[in-house]
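Take a look at the letters that make up each chain.
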Amino acid sequence: MTTELTQPESFDDPEGYDGPAVVLDDVGNQVDVEVRLRGHFEPIDGHFHWYGRIQGDALAHVHSPGATVTLRTPHGATLARLSDIDPWGRFRIAGTGRPPFPV
């Protein structure tokens, strides 16, 4: 008899958002993007930390790693920081506090 192991549902459905978003910079440029975002509450510092990736290379000609931008989704908007570009050309993005998706 073989038993297949599966992860608990809480690991299959993490808090997050996958879908359309808009990245706005401090001079008013905006770029429509697709994002994949996740987050968690960090009890050590008492803040919600969220992070993710921006699909494709839509920002490569407009922004550089380290830029502070506003990320807007259908659920809200918040400040975020662009990080490095991964090997697939996607910007990493992160923020602390209220995320731009329901929690």
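The rules we used
Sequence positions are assigned chain by chain, starting from 1 and proceeding in written order. Predicted model: local features are reported for residues with pLDDT of at least 70 only, side-chain atom pairs are reported and counted for 80 or more only, and whole-chain, interface and lining totals are derived from all residues. Side-chain metrics rest on all non-hydrogen atoms present in the structure, leaving aside hydrogens and water. Two strands are counted as paired when DSSP detects at least two bridges linking them. The numbering of helices and of strands both runs from the N terminus, where a helix is a DSSP run of H or I of at least 4 residues and a strand a run of E of at least 2. Lines fitted to the C-alpha atoms define the axes, with helices restricted to the stretch that makes contact. Angles between their N-to-C directions range from 0 to 180 degrees. For every residue, the accessible area (1.4 Å probe, protein chains only) is compared with the maximum for its type, and the residue is labelled buried under 20%, exposed over 50%, or partly exposed between those bounds. We call two residues contacting when some pair of their heavy atoms lies within 4.5 Å. Only Phe, Tyr and Trp rings are paired, with Trp represented by its six-membered ring, and only when their centres lie within 6.5 Å; those with planes under 30 degrees apart are stacked, over 60 edge-to-face, the remainder tilted. For this analysis, a nonpolar core means a set of buried residues of the types Ala, Val, Leu, Ile, Met, Phe, Trp, Tyr and Cys, connected via side-chain atoms within 4.5 Å.

Peer 1: Run through the sheet that holds strand S4 (residues 68-73), naming residues and quoting values.
Peer 2: The strand order around the closed barrel formed by 6 strands is S1-S2-S3-S6-S5-S4, and the pairing between neighbours is antiparallel. Each strand of the sheet is rotated relative to its neighbour by a mean of 40°, with strand direction disregarded.

Peer 1: For the environment of Gly52, give the residues involved together with the corresponding values.
Peer 2: Mapping Gly52 onto the fold places it in strand S3 (residues 47-54). Judged by relative accessible area, which is 15%, Gly52 ranks as buried. Residues Gly52 and Gly16 lie 36 residues apart in sequence; the distance between their C-alpha atoms is 9.1 Å. Once residues lying within four places of it in the same chain are set aside, the contact partners of Gly52 are Arg36, Leu37, Phe91, Arg92 and Ile93.

Peer 1: Pulling in residues and values, what's your account of the packing of aromatic side chains?
Peer 2: All chains considered together, the criterion is met by 1 aromatic pair. Residues Phe48 and Phe101 carry aromatic rings whose centres are separated by 6.4 Å and whose planes lie at 65° to one another, so their mutual orientation is edge-to-face. Taken together, the residues span a long stretch of sequence, with Phe48 in strand S3 and Phe101 in the segment after strand S6 (91-96) at a distance of 53 residues. Phe48 gets classed as buried once you look at its relative accessible area, which sits at 12%. Of the residues examined, Phe101 reaches a relative accessible area of 4% and is grouped as buried.

Peer 1: An account of the nonpolar core is needed here, citing residue identities and associated values.
Peer 2: Counting residues in each nonpolar core, the largest one holds 19 residues, and the members touching the most others are Ile54, Leu71 and Ile93. Only strand S1 (16-24), strand S2 (30-42), S3, S4, strand S5 (76-85) and S6 provide two or more residues apiece to this core. Examining the composition of this core, we find that 4 residues originate from one element, S2, more than from any other. With sequence-adjacent residues up to four places away left out, Leu71 is seen in contact with Ala21, Val22, Val23, Val35, Leu37, Trp50, Gly76, Ala77, Thr78, Ala80, Ile93 and Pro100.

Peer 1: Describe the pairing of S5, and please don't skip the residues or the numbers.
Peer 2: Bridge count between S4 and S5: 6 bridges; the pairing is antiparallel. When the sheet's bridge partners are listed, Thr68 is paired in S5 with Arg81. Between S4 and S5, which pair antiparallel in sequence order, lie 2 residues. Where S5 meets S6, 3 bridges bridge the pair, whose relative direction is antiparallel. Note on S6: the bridge partner recorded for Ile85 is Phe91. Counting the residues that bridge the hairpin from S5 to S6 gives 5 residues, and of these Gly89 lies at a positive phi of roughly 80°.

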